[in-house]
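Here is what each chain is made of, one letter per residue.
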Amino acid sequence: MAKNTTEKTQAEIYREERKQRIAKANKKNAKGKKVSSGIGTKIVAIILCVAIVLGIGYYIVALTGVVNKATTAVKVGNVKVSTAEYNFYYNMVYNNVSQMAQMYSQYGMDMGFDTNTSPDEQDFKKDDGTTITYAEYFRTAAIDMAQNVEATCAEAEKEGFTLDEDAKAEIEETMQSFKDNASQSGFSLNSYLKAVYGSGLTEKTFRKLIEKQYISQEFAEKKQADLKEAVKDEDI
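Calculation notes
- Residues numbered from 1 in each chain as written.
- Predicted model: local features only at pLDDT ≥ 70, side-chain atom pairs only at ≥ 80, totals over all residues.
- Heavy atoms only, no water.
- Helix = DSSP H or I, 4+ residues; strand = E, 2+ residues; numbered from the N terminus.
- Buried < 20%, exposed > 50% of the residue type's maximum accessible area, 1.4 Å probe, protein only.
- Contact = heavy atoms within 4.5 Å.
- Core = buried A, V, L, I, M, F, W, Y, C linked by side-chain atoms within 4.5 Å.
- Salt bridge = Lys/Arg side-chain N within 4 Å of Asp/Glu carboxyl O.
- Phe/Tyr/Trp six-rings, centres within 6.5 Å; stacked < 30°, edge-to-face > 60°.

Participant: Can you walk me through the side chain of Glu-85 in this structure?
Facilitator: Positionally, Glu-85 belongs in helix H4 (residues 83-106). Classification of Glu-85 as buried rests on a relative accessible area of 4%. Not counting residues up to four positions away in its chain, the partners in contact with Glu-85 are Lys-80, Thr-205, Lys-208 and Leu-209.

Right under this line is the structure:
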């Protein structure tokens, strides 16, 4: 039976657009976390930068060593997600909400989240009408994201799925962006990641998490495309 080439072309176009969005977001994250030079100003700049990105309360927890690589935050099947990895997902959720809030603000609208106020001090209304803090929402969403990524990557591994060369190149670009910013700030990449995400997140772990993000998204899209093709073939 013939394949629907138009449908496949549309899927490919969407995939390329998504890759561009991911690469752009990764570069923006890297550029947005530069640390000032100078021994005295470096520490202050790091604290201010990460306090803004992750929330003051959250950063204090990371700085005091509660957040670290050894601690397990959640377990997915036989895979343990460390607290350092959990920090990464928390940061992603926070940045998504923060960027959306800033976008709303540009149009004179308020989505209910203030980037200048600690998430612990702001209420988030759930779909069922109950209220929790934004900090609680971020924590739950981060764990959900970690579980989804780990489960999808495990399924991808079972099916022998691997990233294509374009995705691998984008990952290298992301890593290089962070390395460049670390160098410009007078830090090694590991020290820079620790300053930005909290203790425990090394270059190796960071790369692994970026790779998992790509695998999770591309594998999910592949399964959706395969399902569409199967449906189309049945209709022919």
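Participant: Can you help me understand the nonpolar core in this one?
Facilitator: Phe-138, Tyr-197 and Phe-206 are the most contacted members of the largest nonpolar core, which has 39 residues in total. When contributions to this core are tallied by element, the ones reaching two or more residues are H4, helix H5 (134-158), helix H6 (165-184), helix H7 (189-197) and helix H8 (203-235). If you tally residues by element for this core, the top one is H5, at nine residues. Once residues lying within four places of it in the same chain are set aside, the contact partners of Phe-206 are Phe-88, Met-175, Phe-178, Leu-193, Tyr-197 and Leu-201.

Participant: Hey, could you run me through the pattern of salt bridges in this one?
Facilitator: Side chains that carry opposite charge are capable of pairing whenever their charged atoms lie near each other. Tallied over the entire structure, the rule returns seven salt bridges. With a shortest N-O distance of 2.7 Å, Lys-208 and Glu-85 are connected by a salt bridge. Here Lys-208 is found in helix H8, whereas its partner Glu-85 is found in helix H4, with 123 residues between them in sequence. Lys-208 gets classed as partly exposed once you look at its relative accessible area, which sits at 34%.

Participant: Could you clarify how one ought to interpret the packing of aromatic side chains in this entry?
Facilitator: Two measures describe an aromatic ring pair: the distance that separates the ring centres and the angle between the ring planes. For the structure shown, the criterion picks out 17 aromatic pairs. Residues Phe-88 and Phe-206 carry aromatic rings whose centres are separated by 6.0 Å and whose planes lie at 80 degrees to one another, so their mutual orientation is edge-to-face. Highlighted residues: Phe-88 in helix H4 and Phe-206 in helix H8, separated in sequence by 118 residues. We note that Phe-88, like Phe-206, is buried. Judged by centre distance (4.2 Å) and plane angle (20 degrees), the rings of Phe-124 and Tyr-137 are stacked. Here Tyr-137 lies in helix H5 and Phe-124 lies in strand E3 (residues 123-125), a separation of 13 residues in the sequence.

Participant: What's the story with the environment of Val-74 in this structure? I'm lost.
Facilitator: Of note, Val-74 is situated in strand E1 (residues 72-76). For Val-74, a relative accessible area of 12% corresponds to the buried category. Sequence separation between Val-74 and Ile-143 is 69 residues; the distance between their C-alpha atoms is 7.1 Å. The residues touching Val-74, leaving out its near neighbours within four places in the chain, are Val-79, Lys-80, Val-81, Ile-143 and Gln-147.

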